Structures are given as C-alpha cells and as structure tokens.
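Given next are the chains, with one letter for each unit.
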Amino acid sequence: MTDKEYIKNLRVPTKEEPLRILVSSCLTGIKCGINGDNYGDYPSVLKLLNYDNVKLITFCPENFSFGTPREMCDIHGGSGIDVLEGRAKVLKSTGVDWTEGMIKASEKMLEVARNNKAEICVMMDISAACGSHVIYDGNRYDENKKYQIGMGVCGAQLTRAGFKIISQREFESLELLYKKIDNEHTIDPNAKDFDQHEWYVGYFKK
Ligand code: SF4
C-alpha cells in the first residue's frame, strides 16, 4: 500500500481517541541532534503539535544509544535492512563501529512504537537511524559523497514490523494527514512527495 493510500485509510481521530504518531524527536524541536541542536525547524511537522486529536510520541534513537552531543555516523555496505541482517555496518565518521548500538536503538524504538500502538511514524529522512526513503551511501563527509534509496536502521526495523513511515519531506502525504486530522484543512494541490522532488528525480532517475 502506498503512503497516501495508507493515510487515506487511517481512522478519523478525536480528542478522546487521538491519532498516535511516533515522531523523530528532533522534528518536534527537541535538541537531540549530533551537536545538541534540532537541525532547524520543519513546519510541515511542527504543525502536528497544534492538534488535540493527535498524540505525538517522540523518540531519538541515537540519543538513546550514544547520548547527545555525539559523532556523526553513516551506514557502510548497504542500507538499514542490511545492517539488521548482518550485511552492512554503522560506522562513526572516525571509523569506529556503532552497529551494535544502532541495532539496540532500533529495537528500543520498535518497543516504543509497539507500547504506544503508533498508527503512523513521521521521521527525519537521510539519517542513518531515522531515514525512511534516502540515506547516505557510506561516509557523508567523503569528497564524493553518495546517496542511496533505502532506510536507516530504525526505519528498517519499524517497517519490517509493519509500521508505516513517512518523512518530513513527503509534503503531499503530510497534506493528506492534516486533512485526516482536521477536516477544515485545505489541501495544497502543489505539495509533492519526496520521490517527485526535482533533486530526487535528477539524482536517482537519470
Ligand atoms: S537519530 Fe533521529 S531523532 Fe535523533 S537526531 Fe537523528 S534524525 Fe533526529
């Protein structure tokens, strides 16, 4: 089922029975980024804080395993699912292996999702942990850094368990989500999902 179909099929939430959304903590302004910041504001997600028929469950998997501040890490030799299946590693930018800690972080995030019965997840793309659509292919600090289509380790863990993830840049899907939450919301007809963005099309579909 596509992200948009999934969202259309979500129940209509109420104040008494709010929609349970698992969110990457940094997307809600929590300063859990590698340098102790929140990577800037993402209005497409911050708006979720305004609704009383939404229950946000925030979690930062890297903070759970490695604390804040911490070093940057990326996946080498595959994507998040390859890490879970032992074919790829998570390495700090200095080369130290963080694979085990990242897998533990993903297991904790899955536990949080299950305990809270998350109905959808909104997560920070590109992250080696929270990525859901595109991540770096190896070290992002390399001169010839590359991207790959794939999930981070936590994205893969949640998806494998049946949870649906959209990213903060899936503007069309987010518009549908806001319409589901707020019937008065007017859908922006120009909103595009990640795979329709110029950069994505140019980079992956040449
Ligand atoms: S691990 Fe996820 S929640 Fe934490 S800072 Fe990175 S993208 Fe945000």
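Up top is the structure these notes are about.
It should be emphasised that the depicted structure is a prediction, and the values quoted were computed from it without experimental measurement.

Asks: How do you make sense of the site of the ligand when you look at a structure like this?
Replies: Residues in close proximity to the ligand total 15 residues, the closest being Cys26, Cys60, Glu62, Arg70 and Cys130. The cavity that encloses the ligand is the largest pocket. Grouping the amino acids of the shell around the ligand by side-chain chemistry returns nine nonpolar, four polar and two charged.

Asks: What's the story with the packing of aromatic side chains in this structure? I'm lost.
Replies: When we look at a pair of aromatic rings, we describe it by the centre distance and by the angle of the planes. Using the criterion set out here, one finds eleven aromatic pairs in the structure. Ring geometry for tyrosine 51 against tyrosine 178: centres 6.0 Å apart, planes inclined by 40°, an arrangement best described as tilted. Here tyrosine 51, found in the loop between α2 (43-46) and β2 (54-59), pairs with tyrosine 178, found in helix α7 (residues 171-181); they are 127 residues apart in sequence, far enough to count as distant. Ring geometry for tryptophan 199 against phenylalanine 204: centres 5.8 Å apart, planes inclined by 85°, an arrangement best described as edge-to-face. Taking relative accessible area as the criterion, phenylalanine 204 reaches 23% and is therefore assigned partly exposed. Ring pairing ties together the aromatic residues Tyr136, Tyr147, Phe194, Trp199, Tyr200, Tyr203 and Phe204, which thus form one cluster. One Lys or Arg, lysine 47, reaches over the ring of tyrosine 178 and ends 4.1 Å from the middle of that ring.

Asks: Help me understand helix α6 (residues 153-160), please; the structure alone is not making it clear to me.
Replies: Given 3.6 residues per turn, any residue in an α-helix points the same way as the ones three and four places further on. The element α6 is largely enclosed, with a buried count of six among its eight residues. Every buried residue of α6 is accounted for by Val153, Cys154, Gly155, Ala156, Gln157 and Leu158. Immediately beyond the C-terminal end of α6, within one or two residues, lies glycine 162, with a positive phi of roughly 100°.

Asks: Even after reading the chapter, I still don't get the nonpolar core, so can you show me in this structure?
Replies: As a rule of thumb, soluble globular proteins bury nonpolar side chains together. By size, the foremost hydrophobic cluster in this structure holds 52 residues, and its most contacted members are Ile21, Leu22, Val122, Leu158 and Leu177. If we skip the residues at most four places from it in the chain, leucine 22 touches Ile57, Phe59, Met109, Val112, Ala113, Ala118, Ile120, Cys121, Val122 and Leu158.

Asks: How should the environment of cysteine 26 be read in this particular structure?
Replies: Mapped onto the secondary structure, cysteine 26 falls in the loop between β1 (19-24) and α2. A C-alpha to C-alpha distance of 7.0 Å links cysteine 26 and tyrosine 39, two positions 13 residues apart in sequence. Those residues in contact with cysteine 26 that lie beyond four places of it in its chain are Cys32, Asn38, Tyr39 and Met124.

Asks: What should I look at first to understand the pattern of salt bridges in this one?
Replies: A pair can form between side chains of opposite charge whenever their charged atoms are brought close. Within this structure, the stated rule accounts for 13 salt bridges. The partner of aspartate 3 in a salt bridge is lysine 164, and the shortest N-O contact between them spans 3.0 Å. Of this pair, aspartate 3 sits in helix α1 (residues 3-8) while lysine 164 sits in the loop between α6 and β8 (165-167), and the two are 161 residues apart along the sequence. Across the pair, exposure class does not vary: aspartate 3 and lysine 164 are buried alike. Where lysine 104 meets glutamate 100, a salt bridge forms, and the shortest distance between an N and an O atom there is 3.2 Å. Of this pair, lysine 104 and glutamate 100 both sit in helix α5 (residues 99-115), four residues apart, which is roughly one turn of that helix. Residue lysine 104 is classed as partly exposed on the basis of its relative accessible area, which comes to 45%. Here the salt bridges share partners, and the residues they tie into one network are Lys4, Glu172 and Asp193.

Asks: Could you clarify how one ought to interpret the packing of α5 against α6 in this entry?
Replies: Working note: a packed helix pair is described by the angle between its axes plus the distance between those axes. Look at α5 against α6: their axes get within 9 Å of each other, and the N-to-C directions meet at 45°. The orientation of α5 relative to α6 falls into the category oblique. The two elements α5 and α6 cross, and the hand of that crossing is right-handed. On α6, the residues touching Met102, Ile103, Ala105, Ser106, Glu107, Met109, Leu110 and Ala113 of α5 are Val153, Cys154, Gln157 and Leu158. In the contact of α5 with α6, the residues fall into nine nonpolar, two polar and one charged.

About the thresholds
- Chains are numbered independently. Their residues run from 1 in the order of the written sequence.
- Per-residue local features are limited, in this predicted model, to residues with pLDDT of at least 70; the limit for side-chain atom pairs, both in listing and counting, is 80 or more; totals at the level of whole chains, interfaces and linings are taken over all residues.
- Computation of side-chain values covers all heavy atoms of the structure but excludes hydrogens and water.
- Residues are labelled near a given molecule or strand when at least one of their non-hydrogen atoms is within 4 Å of it.
- Detection works on a 1 Å grid of protein atoms alone, calling trapped sets that fit a 1.4 Å probe cavities and calling open sets with protein on both sides within 12 Å along at least five of seven lines pockets, with lining residues defined by an atom within 4 Å of a point.
- Being in a pocket or cavity means that more than half of the molecule's atoms lie within 2 Å of its grid points.
- All amino acids are sorted into three groups, where Ala, Val, Leu, Ile, Met, Phe, Trp, Tyr, Cys and Pro are nonpolar, Asp, Glu, Lys and Arg are charged, and the leftover types, Gly among them, are polar.
- Pairing of aromatic side chains requires ring centres within 6.5 Å, counting the rings of Phe and Tyr and the six-membered ring of Trp. Pairs whose planes differ by under 30 degrees are stacked, by over 60 edge-to-face, and all others tilted.
- Only DSSP runs of H or I covering at least 4 residues are called helices, and only runs of E covering at least 2 are called strands; the numbering of each starts at the N terminus.
- Burial classes follow relative accessibility: with a 1.4 Å probe on protein chains only, a residue under 20% of its type's maximum area counts as buried, one over 50% as exposed, and anything between as partly exposed.
- Charge-over-ring placement is defined geometrically: NZ (Lys) or CZ (Arg) within 6 Å of the ring centre, and within 35 degrees of the ring normal.
- What we call a nonpolar core is a set of buried Ala, Val, Leu, Ile, Met, Phe, Trp, Tyr and Cys residues that are connected through their side-chain atoms within 4.5 Å.
- Residues are treated as being in contact if the distance between any of their heavy atoms lies within 4.5 Å.
- Throughout this description, the term salt bridge denotes a Lys or Arg side-chain nitrogen within 4 Å of a carboxyl oxygen of Asp or Glu.
- In this analysis an axis means a line fitted to C-alpha atoms, helices contributing only their contacting stretch, and an angle means the value between N-to-C directions, from 0 to 180 degrees.
- Every angle not falling under 35 degrees, over 145, or within 65 to 115 is termed oblique; those three ranges are roughly parallel, roughly antiparallel and roughly perpendicular.
- Note on convention: near helix rotated counterclockwise from far helix by under a right angle means a left-handed crossing. Clockwise means right-handed.

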